[in-house]
Amino acid sequence: MNVTPEVIAAHNLTDEEYERIRSLLGREPNLVELGIFSVMWSEHCSYKSSRVHLKRLPTAGERVIVPPGENAGVVDVGDGWCAAFKIESHNHPSFIEPFQGAATGVGGILRDVFTMGARPVAAMNSLRFGRLDHPEYGRRNRALFAGVVAGIAHYGNCFGVATVGGEVFFDDVYNFNPLVNAFALGLVRRDQIFFARASGIGNPVLYVGAKTGRDGIHGATMASAEFDEEALSKRPTVQVGDPFLEKLLLEACLEAMRSGAVAGIQDMGAAGLTSSSCEMAARAGTGIELDLDLVPQREQGMNAYEIMLSESQERMLLVAHKGREREVIDIFRKWELDAVVIGRVTDTKRLVVRHHGEVVADIPVTALTDDAPRYQRPLRPPAGRDEDRMARAQESFAETATRAEGAQSIEEVIRSEEAAGIDYNEALEKLLASPNIASKEWVFEQYDHMVRTNTVVLPGADAAVIRIKETRRALAMSLDGNGRLCAADPREGAKLVVAEAARNVVCVGARPIAITNCLNFASPERPEVMWSFSEVIDGMAEACRELRTPVVSGNVSFYNETEGRGIWPTPVVGMVGLIEDVRRVIQPGFKKAGEIIALLGETRDDLALSEYAATVLKIDTQRLVQQGHVPKIDWERERAVQETVLRAAEEGLLRAAHDCAEGGLAIALAEMCFSSLNREAIGAEIDLGGTLQTAARLFAETPSRIVVSFDEAVLGRMEEIAAELRCPLTMIGRVGGQLLRISVDGQEVIARDVRELEKIWRSAIKDAMRMETLVGAAE
Amino acid sequence: MKFGVIVFPGSNCDHDAYHVVSKHVGQPVDFIWHRETDLSAYDAIIIPGGFSYGDYLRAGALARFSPVMQSVRKFAAHGRFVLGICNGFQILCEAGLLPGALMRNRDLHFICRHVHVRVENSDTPFTHMLKQGAVLRLPIAHAEGNYFCDDATLDELEREGRIIFRYCDERGRLTDTSNPNGSRASIAGICNRGRNVLGMMPHPERACEDLLGSSDGSAIFNSLATTIAKMAES
């Protein structure tokens, strides 16, 4: 095949990009080289649209050992231990083939972690789908949801990593673009961290793991384009995962690393052999020569193009110290895996590929990496958006009403609905039954979340907690995103997402230390998408500085768009926190009658983007994000609330702590009443004062709030801590009885048996999914 | 006294069993690679949970042919102790050391959660420190734990007191909802005729510390250790 304009276009390269390739090579590329350039310059591998913005994120901190740029970020967690972690998207493959798409997403992120030398100890995932009861797409959404969860379970359970939670959210904006973001965290001794560098001229380059097939060729390119109606015809670009093989690869890699024979190692993920070889060479400032005849293949007659671009799973590229390749090969043989020397490290700074004795590609390494295009793509706020919409929030409702073509503002709609009469008991029950709030146990019970016996806080709490067996320490982790807030105001929304993630790990008694991020967006070629991306980066950067949680790893997923319909800007944050003494862990459930219940922080009138507005008032969520005002975060307040909980936890004062998030205070209280392991459900009696409307007091989603409970004996000390840290502390009630009773200024608005509420909350997703069987596994 | 934990390439609860024996039971323990055949140094063998050889065909279907399992058969025939947990139970059934089979769970999903099990027979080397009828809280984590056997076998198991654990509710009652996977007669664990081979789907090694939510599993390991110690004395 010749390199024609059609061939160039089929490789997703623009004319300008092709010209750039010609000038970097000083000649026309052949087809193999064109394929190599096209994957390395794809959005997925090159970050060509995002890189100029990502630079604005803070990445340094006293605990940061490995900042972004390696397979995973690494932070120091004390006593000689480090945590390696990262999150990555597998959105596109999961829409095409949910079971394998999600499974291989888990496989990829696990490899990213263990190539650092870390044994994966926890996995989480952040999932977004269209509504399960959508009249037209509900069936498909349920099938996608079931398939993705089964795929994650299949891979993680067999591999033997505890999948300890995450988040699941449903909105129709994800009907055609579900989001599947997989997170993994591993532990490594500080002096045993490995890097993805092809160092040491003359060192042998080994191919280890599964054989190469024709699967997944151009997967990275697929993930760098929007979908059209032919999306399903792309199924052959999705790979099939083999978690058993990955388990073998893990054990063999860790054993090889311990032997001292390994100089550097990288996962063959997106763009397979191509990206692993040139990225390892680029990081070390070296070159690599490969002989494709030596690559283990499971199909016959594969050409150089196919071998270089295959995305077959469970493979690694490993650089051994000269003369020690035999040791590496023997270790892999013990685990019944291929390990073959396929090339060597050179000083030419070129990637030279031979096949059947001929040079089939010869490219300067930097042309594929550092010299890849960088785009400062045009930015433009969406039409109709005010420059200072936040200021607008403070203006009179009359004025906002005239703006929206005479229609009522969201705030007015919410008030008039309430004036017409709301049954708050019914509202509470509707919210508990909303899949966005309901228990996610249908999901996490399919994941082995206890393997390796480190899971101290099980899924379902604000954050999961994994102890470090050799120490007294433990790590808390939480995944959070909020497309609604980020669609309404990407900058403020991103701040709130980071703050909530931090608050979640604080609620189990952990100090937030660092984040990883997965930035899910629509097409970067649309200026309003690029604008929202830039805004999200600025908001996230501010939040990370304010909370002193640098970004140590991450991933950008663009083109989450189908037939012109894009997703909301959906940055997902994976927050990791440190607990110095695992015995100080706090959980969200009330413990016994008589405990005092207090609210840290203050409730404001933040209903405009709430689950209450969406689920109880049934206001279209697209309208909410177009018109609703995003709460503005006050960093001093946020820090005061977090610090109060941490201080109280360190002193052992707290019985329970729980973040107020979707559904607001009433939902947080109900969840704290529900039963958990070794603890029966218990009621609470609450009285909420203030001046807000009842719905706002119950269901507003004001940030910077945590509900805590403690024994009466420590009330004085709690008040002292809160006063010292300038954190508002309001006693709102006591634990006891079988009912959740909530009064507003002395008048009871909610009174329900907590066991009945719990039943609604626990069964909502199970009931919705009852008819779905294991889609993927059954196939 | 020495314990051995078998390591198939796909075992993933091997470290957990090892940890419990060494840290909580306080006894010497080795990992035993699946290609090993000499088990003479051991008093008890634990076959841990996991996915032995990937288990894509059927859980434990390949493991029964492994070199180490040929030795485990002889080891068991000599009356020495074998504890199979989860995948270990599946392998013991496939290997014919225990009767019956473990089928796909009733609702077809993998299930991971704490369940209650009732001690049906405390007169075994594995359960003598427990009370008959006691209710334990233990985690399960499996997709194929739905125990099945024919009527004659069930009758035999019942008659010979070889049903060791049954799924129950928190008060020890056997109900449909307390049976998580559809197991016949709510069976969670059985032993062989010689009472030296126990297979169980719940994970006692995950329930040996209050920090993890339950320490009900430790009595099983401690029962076994004291049995071995007494045998050594006599």
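Treat the numbers as computed from the prediction; the structure is a model and nothing was measured.

**Digging into the UniProt feature "binding site: Mg(2+) 1" (unreviewed entry) in chain A**
All names here are of chain A.
Part 1 of the argument: According to UniProt, the positions carrying the feature "binding site: Mg(2+) 1" (unreviewed entry) are Glu88 and Asn555. Of the residues just listed, which span 468 residues, no C-alpha pair is farther apart than 5.4 Å, and they cluster in one region.
Part 2 of the argument: Those residues within four positions of Glu88 in sequence are excluded, and the remaining contacts are Ile109, Asp112, Val180, Asn181, Ala182, Cys518 and Asn555.
Part 3 of the argument: There is a polar contact of 3.3 Å between the side chain of Glu88 and the side chain of Lys86.

**Quick look at the sheet that holds strand S3 (residues 81–89) of chain A**
Residues and elements named next belong to chain A.
Part 1 of the argument: The six strands lie next to each other as S1-S2-S3-S6-S4-S5, forming an open sheet whose pairing is mixed. Two strands lie at the open edges of the sheet, namely strand S1 (64–66) and strand S5 (162–170), each paired on one side alone. Strand after strand, the sheet turns through a mean of 25° between neighbouring axes, direction not considered.
Part 2 of the argument: Taken together, the five bridges between strand S2 (residues 73–78) and S3 define a ladder with antiparallel strand orientation. Along S3, the bridge assignment pairs Val75 with Ala83.

**A closer look at the interface of chain B and chain A**
Buried accessible area, meaning the area lost when the parts come together, often serves as the stated size of an interface.
Part 1 of the argument: Counting from both sides, the interface comprises 33 residues of chain B and, opposite them, 37 residues of chain A.
Part 2 of the argument: Of the roughly 3000 Å² buried at the junction of chain B and chain A (both faces included), carbon and sulfur atoms supply 59%.
Part 3 of the argument: Taken together, the connections running from chain B to chain A amount to four salt bridges.
Part 4 of the argument: Between A:Arg467 and B:Glu209 there is a salt bridge whose closest N-O contact spans 2.8 Å.
Part 5 of the argument: In this assembly, chain B and chain A are joined by 15 residue pairs in polar contact (both at pLDDT 80 or more).
Part 6 of the argument: When residues of the side of chain B that touches chain A are traced back to their parent elements, those giving at least two are helix H1 (14–25), strand S6 (111–119) and strand S7 (135–142) of chain B.
Part 7 of the argument: For the side of chain B that touches chain A, the residue count by class is 14 nonpolar, eleven polar and eight charged.

**Description of the side chain of B:Glu205**
Part 1 of the argument: In this fold, B:Glu205 is placed in the loop between strand S11 (197–200) and helix H5 (218–233).
Part 2 of the argument: One polar contact links B:Glu205 to B:His203, side chain to side chain, over a distance of 2.8 Å.
Part 3 of the argument: With residues up to four places along the chain from it excluded, the contact list for B:Glu205 reads A:Thr453, B:Cys13, B:Asp16, B:Ala17, B:Val20, B:Ile85 and B:Phe221.

**Section: the UniProt feature "active site" (unreviewed entry) in chain B**
All names here are of chain B.
Part 1 of the argument: Under the present numbering, the feature "active site" (unreviewed entry) in UniProt falls on Cys86, His203 and Glu205. What stands out for the annotated residues spanning 120 residues is how close their C-alpha atoms remain, the widest pair being 10.8 Å apart.
Part 2 of the argument: Each residue touching Cys86, except ones within four places of it in the same chain, is listed here: Gly49, Ala141, His142, Met200, Met201 and His203.
Part 3 of the argument: Along the polypeptide, His203 turns up in the loop between S11 and H5.
Part 4 of the argument: Under the relative-accessibility criterion, His203 is labelled buried at 1%.
Part 5 of the argument: If near-sequence neighbours (up to four positions away) are discounted, His203 is found in contact with Cys13, Gly49, Ile85, Cys86, Pro139, Ile140 and Ala141.

**As for the packing of helix H7 (residues 98–114) of chain A against helix H10 (residues 243–259) of chain A**
Residues and elements named next belong to chain A.
Part 1 of the argument: Contact geometry for H7 and H10: axes closest at 11 Å, N-to-C directions at 10°. Between H7 and H10, the crossing angle belongs to the class labelled roughly parallel. Contact with H7, carried on its side by Gly107, Leu110, Arg111 and Phe114, involves Glu246, Leu249, Leu250, Cys253, Leu254 and Met257 of H10 and no other residues of that element.
Part 2 of the argument: Here the contact of H7 with H10 is built from residues that sort into seven nonpolar, one polar and two charged.

**Topic: the side chain of A:Ser42**
Part 1 of the argument: Within the secondary structure, A:Ser42 is located in the loop between helix H3 (31–40) and helix H4 (43–46).
Part 2 of the argument: In this structure the side chain of A:Ser42 is engaged in a polar contact, spanning 2.8 Å, whose partner is the backbone oxygen of A:Val39.

**Some points on the domain arrangement of chain A**
Part 1 of the argument: Each assigned domain of chain A is listed here: domain 1 (1–40 + 195–372) and domain 2 (587–779).
Part 2 of the argument: Just the C-alpha atoms count here: the centres of domain 1 of chain A and domain 2 of chain A sit 50 Å apart.

Basis of the calculations
- Residues numbered from 1 in each chain as written.
- Chains lettered and ligands numbered in written order.
- Predicted model: local features only at pLDDT ≥ 70, side-chain atom pairs only at ≥ 80, totals over all residues.
- Heavy atoms only, no water.
- UniProt positions renumbered as here; feature names shortened; annotations may be inferred.
- Contact = heavy atoms within 4.5 Å.
- Polar contact = N/O pair within 3.5 Å; in protein donor to acceptor, adjacent residues only side chain to side chain.
- Pairing = 2+ DSSP bridges.
- Helix = DSSP H or I, 4+ residues; strand = E, 2+ residues; numbered from the N terminus.
- Axes fitted to C-alpha atoms, helices over the stretch in contact; angles between N-to-C directions.
- Buried area = accessible area lost by both parts, 1.4 Å probe.
- Salt bridge = Lys/Arg side-chain N within 4 Å of Asp/Glu carboxyl O.
- Nonpolar A, V, L, I, M, F, W, Y, C, P; charged D, E, K, R; others polar.
- Buried < 20%, exposed > 50% of the residue type's maximum accessible area, 1.4 Å probe, protein only.
- Parallel < 35°, antiparallel > 145°, perpendicular 65-115°, else oblique.
- Domains from an automatic or database assignment.

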